[in-house]
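Observations on the three-dimensional arrangement
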Amino acid sequence: MVQSLLALTPTLVVIAFFLIGPSNWSRRRTWTRAVTCAFVAAVALRYIVWRLTETVLPYPNDGINFYWVWFIFVVELLAFSEVVLFLILMSRYVDRSAEADRLGRPFFQRRHSDLPTVDVFIPTYNEPLDVLERTIVGTLALDYPRDKLKVYVLDDGRRDWLKTFCEAHGAVHVTRSDNAHAKAGNMNNGLRVSSGDFIAIFDADFVPYRNFLRRTLPFFSDETVGIVQTPQHFFNVDPVQSNLGLENIWPDEQRLFFDEIAPSRDGWDVSFCCGSCSIARRKAIDAIGGFPTESITEDLLTTLSMLNKGYKTRYLNERLSMGLAAENLTGYFVQRERWCQGGIQTLYLHNGPLRGPGLSLFQRIMFLPMSWLVQYLVRFAVLLVPIVYLWLGALPLYFTDVADYVSNQVPVFAAYFLLMLWITPTRYLPVVSSAIGTFAAFRMLPTVISSLVRPFGKPFKVTPKGSGNEESSFDAYTFTWIAGFIAVTATGLVINIVPETARIQGAFSAIAALWSGINVVVLVIASLICFEKPRRLFQAFKLDEPVRVDGTTGRVVSLSLEKAVVAVPTETRFRSPQVKLNLDGFEPIDAELRQATQRRGDISRSGDKRRYYLHLHFDLRGSERDKMTVKLYTGRYSRDVPDIDKVAVSVNLLLRAFGRTRGV
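Not measured: the values here are computed from a predicted model. (Residues numbered from 1 in each chain as written. Predicted model: local features only at pLDDT ≥ 70, side-chain atom pairs only at ≥ 80, totals over all residues. Heavy atoms only, no water.)

A look at the overall build of the protein
- Tallying secondary structure elements over the protein gives 22 helices and 17 strands in all.
- Taken along the three principal axes of its C-alpha coordinates, the protein extends 80 × 70 × 50 Å.
- Here the protein holds 664 residues, and the buried ones make up 55% of them.
- Put simply, 79% of the contacts in the protein that link residues at least 6 apart link residues at least 24 apart.
- Of the roughly 29,100 Å² of accessible surface on the protein, a fraction of 58% belongs to carbon and sulfur atoms.
- Charge centroids of the protein, computed over 73 positive and 63 negative side chains, lie 2 Å from each other. (Helix = DSSP H or I, 4+ residues; strand = E, 2+ residues; numbered from the N terminus. Buried < 20%, exposed > 50% of the residue type's maximum accessible area, 1.4 Å probe, protein only. Contact = heavy atoms within 4.5 Å. Areas by Shrake-Rupley, 256 points an atom, 1.4 Å probe, with all protein chains shown as cover. Lys, Arg positive; Asp, Glu negative; His and termini not counted. Charge placed at Lys NZ, Arg CZ, Asp CG, Glu CD.)

Overview of the pairing of strand β1 (residues 118–124)
- Within β1, 7 of the 7 residues are buried, leaving the element largely enclosed by the surrounding structure.
- Neither face of β1 is open: one carries Val-118, Val-120, Ile-122 and Thr-124, the other Asp-119, Phe-121 and Pro-123, and all of them are buried.
- Here 4 bridges tie β1 to strand β4 (residues 198–201), and the two strands are oriented parallel to one another. Residue pairing for β4: Val-118 is matched across the bridge by Phe-198.
- The sheet contact formed by β1 and strand β2 (residues 149–155) spans 7 bridges and is parallel. The residue of β2 that forms the bridge with Phe-121 is Tyr-152.
- As a crossover connection, the stretch from β1 through helix α5 (residues 129–140) into β2 is right-handed. (Pairing = 2+ DSSP bridges. Right-handed = clockwise from strand over helix to strand, strands pointing away.)

A short note on the sheet that holds strand β14 (residues 563–568)
- Pairing is antiparallel around the closed barrel formed by 6 strands, whose spatial order is β12-β13-β14-β17-β16-β15. Taking each pair of neighbouring strands and ignoring which way they run, the sheet shows an average axis angle of 45°.
- Direction of pairing for strand β12 (residues 541–549) relative to strand β13 (residues 552–559): antiparallel, over a ladder of 7 bridges. Pairing of Phe-541 across the sheet is with Leu-559, part of β13. (Axes fitted to C-alpha atoms, helices over the stretch in contact; angles between N-to-C directions.)

Quick word on unusual backbone geometry
- Even without being glycine, Arg-158 reaches a positive phi, approximately 50°.
- Along the chain, Arg-158 turns up in the loop between β2 and α6 (160–169).
- Residues other than glycine seldom take positive phi values, yet Asp-550 does so here, at roughly 50°.
- By the secondary structure assignment, Asp-550 is in the loop between β12 and β13.
- The class for Asp-550 is partly exposed, based on a relative accessible area of 40%.

Thoughts on helix α18 (residues 430–453)
- Taking 1.5 Å per residue, 24 residues should reach 34 Å; α18 reaches 32 Å between its end C-alpha atoms and fits that length.
- In α18, a bend of some 50° at Ala-441 exceeds every other bend along the element. (Expected span 1.5 Å × (residues − 1). Bend = angle between axes of the 7 residues up to and from the residue.)

A closer look at the sheet that holds β1
- Taken together, 7 strands build an open sheet; the order of strands is β3-β2-β1-β4-β7-β6-β8 and the sheet is mixed. In the strand order of this sheet, the two ends are held by β3 (172–174) and β8 (312–315), each with one partner. Strand-to-strand twist of the sheet, defined as the mean angle between neighbouring strand axes without regard to direction, takes the value 25°.
- In the sheet, β4 pairs with strand β7 (residues 278–281) via 4 bridges, with the strands oriented antiparallel.

Describing the environment of Ser-473
- With respect to the secondary-structure elements, Ser-473 resides in strand β10 (residues 473–474).
- With a relative accessible area of 31%, Ser-473 lands in the partly exposed category.
- As for Ser-473 and Glu-532, which are separated by 59 residues in sequence, their C-alpha atoms are 5.1 Å apart.
- Setting aside residues no more than four positions away along its own chain, Ser-473 makes contact with Cys-530, Phe-531 and Glu-532.

Quick notes on the packing of aromatic side chains
- This model, assessed by the stated rule, comprises 43 aromatic pairs.
- Seen from their ring centres, Trp-50 and Tyr-405 are 6.4 Å apart, and the 75° between their planes marks the pair as edge-to-face. Of this pair, Trp-50 sits in helix α2 (residues 30–56) while Tyr-405 sits in helix α16 (residues 402–408), and the two are 355 residues apart along the sequence. Each member of the pair Trp-50 and Tyr-405 is classed as buried.
- Ring geometry for Phe-399 versus Phe-508: centroids 5.3 Å apart, planes at 75°, classification edge-to-face. (Phe/Tyr/Trp six-rings, centres within 6.5 Å; stacked < 30°, edge-to-face > 60°.)

Some details on the environment of Pro-239
- Note that Pro-239 resides in helix α9 (residues 239–243).
- Expressed as a C-alpha distance, the spacing of Pro-239 and Phe-258, which sit 19 residues apart in the sequence, is 18 Å.

Observations regarding the nonpolar core
- Among the nonpolar cores identified, the biggest contains 57 residues, and Leu-419 and Phe-508 are the most heavily contacted of them.
- When residues of this core are traced back to their parent elements, those giving at least two are α1 (2–20), α2, α3 (64–90), α10 (255–267), α12 (298–308), α15 (370–392), α17 (410–423) and α20 (508–528).
- The residues touching Leu-419, leaving out its near neighbours within four places in the chain, are Phe-18, Thr-36, Cys-37, Val-40 and Leu-87. (Core = buried A, V, L, I, M, F, W, Y, C linked by side-chain atoms within 4.5 Å.)

Some remarks on the packing of helix α19 (residues 476–497) against α20
- Their axes nearest at 10 Å, the elements α19 and α20 cross at an angle of 155°. As judged from the angle between their axes, α19 and α20 are roughly antiparallel. Of the two elements, α19 crosses α20, and the hand of that crossing is left-handed. Between α19 and α20, the contacting residues are Phe-479, Ile-482, Phe-485, Ile-486, Thr-489 and Leu-493 on the first element and Ala-513, Ser-516, Gly-517, Val-520, Leu-523, Val-524, Ala-526 and Ser-527 on the second.
- Among the residues forming the contact of α19 with α20, the class breakdown is 10 nonpolar, 4 polar and no charged. (Parallel < 35°, antiparallel > 145°, perpendicular 65-115°, else oblique. Left-handed = near helix turned anticlockwise from the far one by under 90°. Nonpolar A, V, L, I, M, F, W, Y, C, P; charged D, E, K, R; others polar.)

Topic: the pattern of salt bridges
- If you walk through the whole model with that rule in mind, you get 32 salt bridges.
- The closest approach of N and O atoms between Glu-133 and Arg-625, which form a salt bridge, is 2.6 Å. Here Arg-625 lies in helix α21 (residues 622–633) and Glu-133 lies in helix α5, a separation of 492 residues in the sequence.
- Given a relative accessible area of 6%, Glu-133 falls into the buried group.
- Across the pair Arg-255 and Asp-252 runs a salt bridge, and its minimum N-O distance is 3.1 Å. Per residue, the accessibility class of Arg-255 equals that of Asp-252, and both read buried. (Salt bridge = Lys/Arg side-chain N within 4 Å of Asp/Glu carboxyl O.)

A few points about the pairing of β7
- Across the two faces of β7 the burial is the same, with Ser-278 and Ala-280 and Ile-279 and Arg-281 all buried.
- Pairing of strand β6 (residues 225–229) with β7 involves 3 bridges; the strand directions are antiparallel. Bridged to Ile-227 within β7 is Ala-280.

Quick look at the confidence of the model for the protein
- Scored by pLDDT, the protein comes out at a mean of 91, with 94% of its residues at no less than 70.
- Every residue in residues 603–608 scores below 50 in pLDDT, and together they form 4 contacts with partners more than four places removed in sequence or on other chains. (pLDDT = per-residue confidence, 0-100.)

Here you go:
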């Protein structure tokens, strides 16, 4: 008993530290982050020293097991290196909103003739009109003098219907004879036909908020600023949220990067351009010879090339645009495989982090693609260790005692998880976050390996957009891998639990059993992501605004370009399904009443019906449709998951797993 309590002492120290310190500190202050990250780094260093001196070096050279021990330790060293870099990075945080306020006043008080000219590039290849119209109409509505703003639709699809749409709306339609160098080549062609002082870039599926230029342009008062990047927010759920059934209680996967990591990178002056939702100084782009074409992630390479020339990137963590997240797993992996390959490509380039001139040692280290190189290898090793032990009896370390293991490894997990929950309380849950990373590992690890072996030659792939996922589909490849690991882990666990069939005996068996159990839970959650739920193609926004339907007063609670859901307080009758919808700021809209529903919460205990929800469908055309697009997509509404309801997440996952296993 005494030995067990002593083994738990380091973990109790970690918990006490977080209860006394970080739980009472502001997570936005640099000194609190620095102290907390330094503490976690010390816990991790203590563990890695113990691993080397007590569990690796004493291991006898007995053949293949010896190399297995060293392989696992090398993987842990890589993980330790990534964690240390992450801790250094997250020890700072910068919020530039106050700076935008301060710089904005004098910037826009200048004479109209002194305001800079801005060109907006919308590179497009195969996106449909319902995707492109939002971006084009929203961009044309930017709050900036019209004679100082030009919108260029860079069409690598050379589509006549898009040319017609652009001409009707006042955008410049640009094509070229070939598609050389994909997006980078397309934007370089845009540079040749434009002349604005600044270049704002929005992918074909992103819509800027009206105040985008008013918040970002003032940063260029500093002549050394080459790019200002803003976060990417989305008006649809991503496939991970949807497939796990967590649409309204779990944030999209990219929130951790854009809300937490990117501001910390900016605090160290190693922020980078993410392509869309950014604005760049033309002089800086000209200085690097245009957008780099050597990598399929031209945005990251643009940042590195500008750093080579002495320019820097600023990150403004404000919601200033909205776009489409990957709509299905196909798009999800196309996007991430491109990011992964592009990041690894920079290692081989003359203007990358290893060879680029003008970079400090710190910048070189912070621009290494460590996350891509390490995270999926680590996740795969975590799955593999208990399997190798249960089936082959190969220990991953020279094992002394359970108490030693608990004393040294458990504090590391506790410190890291508590750090993440403190730094990003609304963006992280250990088991769910691990499951999402594990799900991706089976496709991304081969991409990492192939990119290291053959970094170039794979063509640029555009993330498919506008396709939605109207029917149920299934990621058989990933599910097969996950199911295989579950089967092998669970079978090995059962065999060794039953005394008559047990193959492994020893103190490590208890740890292996717990490790296996956690892996199975993580894999089961990961397997749920493989089953794609059907999703509608249109996006509706929740709101609460007054409206009239054929003279009846109500509240519009959901609105899209094609549909409105209106709550009426009392039972209402209409003589015809054809009604007039009177929405503030619009001409009366001809709508069709297709359905009237009730929600459980709107029925009193006595059974009285308190509220009807009228589902009204309409078909807006011309200027009225453009007006609705501007209303919906340029800053008045958003789709947010402000906090994680941990109980709701757990219950939803349990119900989804139970329902899926019953279905199987």
